[in-house]
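Examining the three-dimensional arrangement
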There are 4 protein chains.
Amino acid sequence: MTTGSTHWALAGGHIPAESNGPEPARTSRDVLHLLNTGDTEASVELLIYYADREPMGPYRFKVPARRVKVVRFNDLIDPEAIPLATDYACTLTANLPLVVQYTRLDTSHNPQATESTLAAYPIGG
Amino acid sequence: MTTGSTHWALAGGHIPAESNGPEPARTSRDVLHLLNTGDTEASVELLIYYADREPMGPYRFKVPARRVKVVRFNDLIDPEAIPLATDYACTLTANLPLVVQYTRLDTSHNPQATESTLAAYPIGG
Amino acid sequence: MTTGSTHWALAGGHIPAESNGPEPARTSRDVLHLLNTGDTEASVELLIYYADREPMGPYRFKVPARRVKVVRFNDLIDPEAIPLATDYACTLTANLPLVVQYTRLDTSHNPQATESTLAAYPIGG
Amino acid sequence: MTTGSTHWALAGGHIPAESNGPEPARTSRDVLHLLNTGDTEASVELLIYYADREPMGPYRFKVPARRVKVVRFNDLIDPEAIPLATDYACTLTANLPLVVQYTRLDTSHNPQATESTLAAYPIGG
């Protein structure tokens, strides 16, 4: 059974510029959690959208068969790093169905850490 | 490929009346994040619903092609500002498909900041 | 245009037993936000499910035409109050389509307030 | 009326390794809330996915008729306990429709407790 969708979108990205506490556990971050329940490695492409310039990408990575993969937006550097403290959005296209969740941890205003999570928006496929 | 939906709704709006910390980063707020992945500027209309009076609007703005737009409900003033500390709901109608996410930051009870986010509810279209 | 769904469910209800801060703004609570975009008053029935006894209800209330209504589970007392610090779930049936969102504010562990929100789960209709 | 779906997935599991405050109320945890609105006991199987090894399971339990059941991932021990501080994902298969919600409480960084909740992702069925 295939599980999930091949197209996802996330409208509310924003990596906080500052962090408090031990790294990397308490580093402020935006995170994608990607589940591939299938028996074939999946190829993923991200496009990053901004408020005031053209989209950037694709950012490419793989999700192995029968594995979860955790990708910090903070760590995406090819073709370029995502600037901190900047609103962005993201579309995800995979060649196989995935389940995608998004989490933000914001430790920039010590001790006012906040965490939020949501399912990314499944477009279909 | 069109991405998203043309009709969205949000039932749980509420802009906190007070804030703590530097503005505008820590101003309590309700926020819409709107992603337009298409090649044409999108026109958006919001209606704001209240508990004890008729709906107000439309509030109108544009989302440029291939851009994300971040709209603070706090900043909507035409036809009138949304009162603080008041329960409201919102429907969104666009002429092109969008992906919409909603975030609230509440810094009114220092140091008890809370953040929450959810996908707005896609009605269809 | 009708907006929303007539059947919703919420699996993770739990009203914290304690609160800190001024009432009612900082009272720990579970809340439903219900939006009726139509021109007719809607009638709603809730059933409350527990882990160790039969469901209780129906709890009945109205959502006026073109209005949002905010219902604290804490305030539901007919046919009986929902016990604090107890896991419960909820199903909602309306005679007209509504949009439903759920929010919890937990101020029981001062100063560790937490807030979370999600769309209730639309069953259909 | 059957309520919900028979297949669900959750991509962003992670049980914090440390806790602060009285147990079990303030123990860091990942939790599933499962609602069975039907008149027949439901049988559930979970599979747990990891980043670097094969999936583990099935973990099996029942959800009684007309009841909500709350399952802490922390308490799943057969066929093996889920390691703390480790990214995991989860798929859920039931023989009857359920409504599933997911909550995380993280009290590991006192006093920076964070809580987040989302609907699990309904796959269909």
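Just so it is clear, the structure is predicted and the values come from calculations on it, not from any experiment.

A closer look at the overall build of chain A
For chain A, the count of helices and strands is zero helices and eight strands. Looking at chain A residue by residue over its 125 residues, the buried ones come to 53%. Pairs at least 24 residues apart make up 72% of the contacts formed inside chain A by residues separated by at least 6 positions. When the accessible surface of chain A is totalled, it reaches about 4,900 Å², and 49% of it is carbon and sulfur.

Looking at the packing of aromatic side chains
In total, this model carries four aromatic pairs over all chains according to the counting rule given. A ring pair is formed by Phe 73 of chain A and Tyr 88 of chain A, whose centres lie 5.3 Å apart and whose planes are at 55 degrees; its orientation type is tilted. Placement of Phe 73 of chain A in the loop between strand 5 (67–72) and strand 6 (88–106) and of Tyr 88 of chain A in strand 6 is noted, with a sequence separation of 15 residues between them. Here Phe 73 of chain A matches Tyr 88 of chain A in class, with each residue buried. Seen from the ring of Tyr 50 of chain B, Arg 53 of chain B lies directly overhead, with NZ or CZ sitting 4.2 Å from the centre.

Re the pattern of salt bridges
In this structure the tally under the stated criterion is 20 salt bridges over all chains. A cluster of three or more residues bridged by salt bridges with shared partners is formed by Asp 39, Arg 66 and Arg 67 of chain A together with Glu 54 of chain D.

Digging into the confidence of the model for chain A
Residues and elements named next belong to chain A. Scored by pLDDT, chain A comes out at a mean of 85, with 82% of its residues at no less than 70. Confidence scores differ between elements of chain A, with strand 8 (residues 121–124) showing the lowest mean pLDDT of 61 and strand 4 (residues 56–63) the highest of 98. Among the scores for the predicted complex, ipTM is 0.88 and pTM is 0.90.

Examining the side chain of Gln 101 of chain D
If you trace the backbone, Gln 101 of chain D turns up in strand 6 (residues 88–106). By relative accessible area, Gln 101 of chain D is classed as buried at 3%. A distance of 3.3 Å separates a polar side-chain atom of Gln 101 of chain D from the backbone nitrogen of Ala 11 of chain C.

Things to note about the environment of Asn 95 of chain A
Residue and element names in this part refer to chain A. The topology assignment puts Asn 95 in strand 6. Separated by 83 residues in the primary sequence, Asn 95 and Gly 12 place their C-alpha atoms 24 Å from one another. Aside from chain neighbours lying at most four places away, what touches Asn 95 is Ala 42 and Ser 43. A polar contact is formed between the side chain of Asn 95 and the backbone nitrogen of Ser 43, at a distance of 2.8 Å.

Observations concerning unusual backbone geometry
Most of the time, phi is negative for any residue but glycine, and the peptide bond is trans. Looking along the chain, the bond that leaves Gly 57 of chain A and enters Pro 58 of chain A is cis, with omega of 0 degrees. Along the chain, Pro 58 of chain A turns up in strand 4. Although it is not a glycine, Arg 66 of chain A adopts a positive phi angle of roughly 55 degrees. The class of Arg 66 of chain A is partly exposed, set by a relative accessible area of 26%. A positive phi angle, near 55 degrees, is found at Ala 85 of chain C, a position not held by glycine. Tracing the backbone through its elements, the reader meets Ala 85 of chain C in the loop between strand 5 (67–72) and strand 6 (88–106).

Re the environment of Val 99 of chain A
Residues and elements named next belong to chain A. Relative to the assigned elements, Val 99 resides in strand 6. A residue is classified by how much of its surface remains accessible, and Val 99, at 2% relative accessible area, is buried. Counting along the chain gives 94 residues from Val 99 to Ser 5, while the straight-line C-alpha distance between them is 6.6 Å.

Looking at the environment of Trp 8 of chain B
Residue and element names in this part refer to chain B. Mapping Trp 8 onto the fold places it in strand 1 (residues 5–13). Measuring from C-alpha to C-alpha, the distance between Trp 8 and Ala 85 comes to 23 Å, with 77 residues separating the pair along the chain. Side-chain polar atoms of Trp 8 contact the backbone oxygen of Leu 98, separated by 3.3 Å.

Parameters at a glance
- Residues numbered from 1 in each chain as written.
- Chains lettered and ligands numbered in written order.
- Predicted model: local features only at pLDDT ≥ 70, side-chain atom pairs only at ≥ 80, totals over all residues.
- Heavy atoms only, no water.
- Helix = DSSP H or I, 4+ residues; strand = E, 2+ residues; numbered from the N terminus.
- Buried < 20%, exposed > 50% of the residue type's maximum accessible area, 1.4 Å probe, protein only.
- Contact = heavy atoms within 4.5 Å.
- Areas by Shrake-Rupley, 256 points an atom, 1.4 Å probe, with all protein chains shown as cover.
- Phe/Tyr/Trp six-rings, centres within 6.5 Å; stacked < 30°, edge-to-face > 60°.
- Lys NZ or Arg CZ within 6 Å of the ring centre and 35° of its normal.
- Salt bridge = Lys/Arg side-chain N within 4 Å of Asp/Glu carboxyl O.
- pLDDT = per-residue confidence, 0-100.
- Polar contact = N/O pair within 3.5 Å; in protein donor to acceptor, adjacent residues only side chain to side chain.

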